[in-house]
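Residue strings, one per chain:
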Amino acid sequence: MTSARKVFANRANGRLSKGPRTVGGRQRHDRAPLRHGLSLPVLLDAALAPEVDALAREIIATSAAGPIGDAHRAIASRIAEAMIDLRRVRLAKRPLSIALDADPANIATLKALARLDRYERRALSRRKFAVREFAAALAGTDPARPRRTRWPGFPGLAILAKAPNWDNSSDLKGHATSRKRRVNSR
Amino acid sequence: MSSLPAPNPLAAECLGPPPLNPGDDVAGYETLLARLVAEVGPRGLIEAANLRDVADAMWEGARLRRVKAKLMTTSADRGMSEVLDAIGVPADEARALAQGWAAGELAAVGKVDAMLDAAGLDIHHVMAKTLSLRLDQIERIDRMIAAAEARRAALVREIARYREPIRTAGAIAATPERECTEPPAPEGAAAAAAGAAA
């Protein structure tokens, strides 16, 4: 076990070596979230708040047929916020995508696009969980314990629901599991 | 965007403009979206947004594949220059020949082909060299393609997952029901099964 003296020294040294030190470095660090503003919540932008409200009303109007309560409205607002977040990210990606089309070898553009992919993934994830909660609230079920989903008859989309296996990892996992089962069954 | 599955202009605005760059095939994108809409029949803004994202993810994946192919083509002269250099052609001459070859100059193409033949090499060696020179970019593009395809697959599953509990509880405005079936086997598997039965 690490001694208290070593823990104290590690923490003291860690404090000395973390983060930018120079004034310029600290200023750059402070300005980093302001570059595109995609990490800021939608509702911090006063201009977008009415749009969120209108969109939430539209979600309820087009999705629900039963009685609607405050809980439903709150979840619909979260879905609306995530949708607007997604639109912001995609608008930010647009010029980069055009630039990449023009110069595919530009590594800076590729890196910038990959960085924005992260924001898109987060917004999609937020929307996904809010939509699941909304669906569960409409159906009166528990979102944490979803019913088994039957495929609702989109034969043309069945193949699209499977992500391609890029590195054969699932094959390897299957192999490992079957070996483990064999070992356990002995 | 006549095929956009949006109930009203507000919804169309919230989904943002379609992901079309200058020179993209607008009709192709609209056809893709129209086919998805015909297949799923989206009900409400949530399903419309999910479906639009499926189309966008597919479009983005296709574009990134095009970008990768374009990168390989536009970098082929560098690969050729390196291969010529490796088989003993002086660096300046190799560069000039590679540029001429990339520009399609007949004299340069003939000379380069003869040199590669003499060394027992062909265009595949040149493209392999090009790939190794651009491996960093290709790897990044491949990761982005994989992300777009994973996104597409997750969105399709989410459409099914969203529809099921609501439909069962009858909490959504009624529209004509679709027959509920299991996902069909891929075409290749069906053909193989038919062949085995025969």
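Residues numbered from 1 in each chain as written. Chains lettered and ligands numbered in written order. Predicted model: local features only at pLDDT ≥ 70, side-chain atom pairs only at ≥ 80, totals over all residues.

## Looking at the overall build of chain B
Inclusion rule: Here a strand is any run of E in DSSP of at least two residues, a helix any run of H or I of at least four, and the numbering for each starts at the N terminus. Between the buried cut of 20 or more and the exposed cut of 12 or fewer other C-beta atoms within 10 Å of a residue's own C-beta lies the partly exposed class, and all C-beta atoms are placed from the backbone. With C-beta atoms placed from the backbone, a contact is any residue pair whose C-beta atoms sit within 7 Å.
Each helix and strand in chain B was counted, giving eight helices and zero strands. When the helices and strands of chain B are placed in sequence order, the string is α-α-α-α-α-α-α-α. Per-residue burial for chain B yields a buried fraction of 36% across its 198 residues. Pairs at least 24 residues apart make up 70% of the contacts formed inside chain B by residues separated by at least 6 positions.

## Overview of the overall build of chain A
When its secondary structure is counted, chain A shows six helices and zero strands. Considering only intrachain contacts with a sequence separation of at least 6, the fraction spanning at least 24 residues in chain A is 57%.

## Quick notes on the environment of Leu113 of chain A
Relative to the elements of secondary structure, Leu113 of chain A occurs in helix 5 (residues 107-139). According to the C-beta neighbour criterion, Leu113 of chain A is partly exposed, with 19 such atoms within 10 Å. What Leu113 of chain A contacts, discounting residues up to four positions off in sequence, is Lys93, Leu96, Ser97 and Leu100 of chain A together with Met144 of chain B.

## Quick word on the packing of helix 3 (residues 49-63) of chain A against helix 3 (residues 44-86) of chain B
Worth spelling out the cut-off: For every element, the axis is a line fit to its C-alpha atoms; helices are fit only across the contacting stretch, and the angle between N-to-C directions ranges from 0 to 180 degrees. For classification purposes, angles smaller than 35 degrees are called roughly parallel, those larger than 145 roughly antiparallel, those between 65 and 115 roughly perpendicular, and all remaining angles oblique. Three residue categories are used. Nonpolar comprises Ala, Val, Leu, Ile, Met, Phe, Trp, Tyr, Cys and Pro, charged comprises Asp, Glu, Lys and Arg, and polar comprises the others, including Gly.
One way to put it is that helix 3 of chain A packs onto helix 3 of chain B with a least axis distance of 6 Å and a crossing angle of 105°. As judged from the angle between their axes, helix 3 of chain A and helix 3 of chain B are roughly perpendicular. Residues Glu58, Ile59, Thr62 and Ser63 of chain A of helix 3 of chain A form the contact with helix 3 of chain B, whose own contacting residues are Gly44, Leu45 and Ile46 of chain B. Classifying every residue of the contact of helix 3 of chain A with helix 3 of chain B gives three nonpolar, three polar and one charged.

## Comments concerning the nonpolar core
Spelled out, the test is: Put simply, a nonpolar core is a cluster of buried Ala, Val, Leu, Ile, Met, Phe, Trp, Tyr and Cys residues tied together by C-beta atoms within 7 Å.
Among the nonpolar cores identified, the biggest contains 54 residues, and Ile59, Ala76, Ile79, Ala80, Met83 and Phe134 of chain A together with Val54 of chain B are the most heavily contacted of them. Elements supplying a minimum of two residues to this core: helix 3, helix 4 (70-102) and helix 5 of chain A together with helix 1 (9-15), helix 2 (26-40), helix 3 and helix 7 (135-169) of chain B. Apart from the residues lying within four places of it in its own chain, the contact partners of Ile59 of chain A are Ala76, Ile79 and Ala80 of chain A together with Leu45 and Ile46 of chain B. In terms of nonpolar packing, the next biggest core, distinct from the first, is built from 12 residues, Leu97, Ala102, Val112 and Val126 of chain B among them.

## As for the confidence of the model for chain B
Note: predicted coordinates in regions of low pLDDT should not be interpreted at a detailed level. All names here are of chain B. Let me state the cut-off plainly: pLDDT gives the predictor's per-residue confidence on a scale running from 0 to 100.
Looking at chain B, pLDDT values average 81 and 76% of them are 70 or higher. Of all helices and strands in chain B, the one with the weakest mean pLDDT is helix 8 (residues 187-197) (48), whereas helix 6 (residues 123-133) scores best (94). This stretch, residues 1-7, has a pLDDT under 50; its non-local contacts, to residues over four places away or in other chains, come to 19 contacts. Per the prediction output, this complex has pTM 0.72; the corresponding ipTM is 0.73.

## Remarks on the confidence of the model for chain A
Residue and element names in this part refer to chain A. This prediction gives chain A a mean pLDDT of 78; 72% of its residues lie at or above 70. Looking at the elements of chain A, mean pLDDT is at its lowest for helix 6 (residues 169-185), recorded as 48, and at its highest for helix 4, recorded as 91. Confidence over residues 168-179 falls short of pLDDT 50; this stretch has one contact with residues more than four positions distant or in other chains.

## Digging into the packing of helix 3 of chain A against helix 4 of chain A
All names here are of chain A. Put simply, the rule is: The hand of a helix crossing depends on one turn: near helix anticlockwise from the far one by less than a right angle means left-handed, and clockwise means right-handed.
Their axes nearest at 8 Å, the elements helix 3 and helix 4 cross at an angle of 120°. When the axes of helix 3 and helix 4 are compared, the pair comes out oblique. In this structure, helix 3 meets helix 4 at a crossing whose hand is right-handed. Contacts from Glu51, Val52, Leu55, Ala56, Ile59 and Ile60 in helix 3 reach His72, Arg73, Ala76, Ser77, Ile79, Ala80, Glu81, Met83 and Ile84 in helix 4. For the contact of helix 3 with helix 4, the class distribution of residues is 10 nonpolar, two polar and three charged.

## Looking at helix 5 of chain A
What counts, and what does not: Any helix carries an expected span of 1.5 Å times its number of residues minus one.
Taking 1.5 Å per residue as the helical rise, helix 5 of chain A with its 33 residues ought to reach 48 Å, and the 48 Å between its terminal C-alpha atoms agrees with that figure. Positive phi appears at Gly140 of chain A, one or two residues downstream of helix 5 of chain A, with a value of about 70°.

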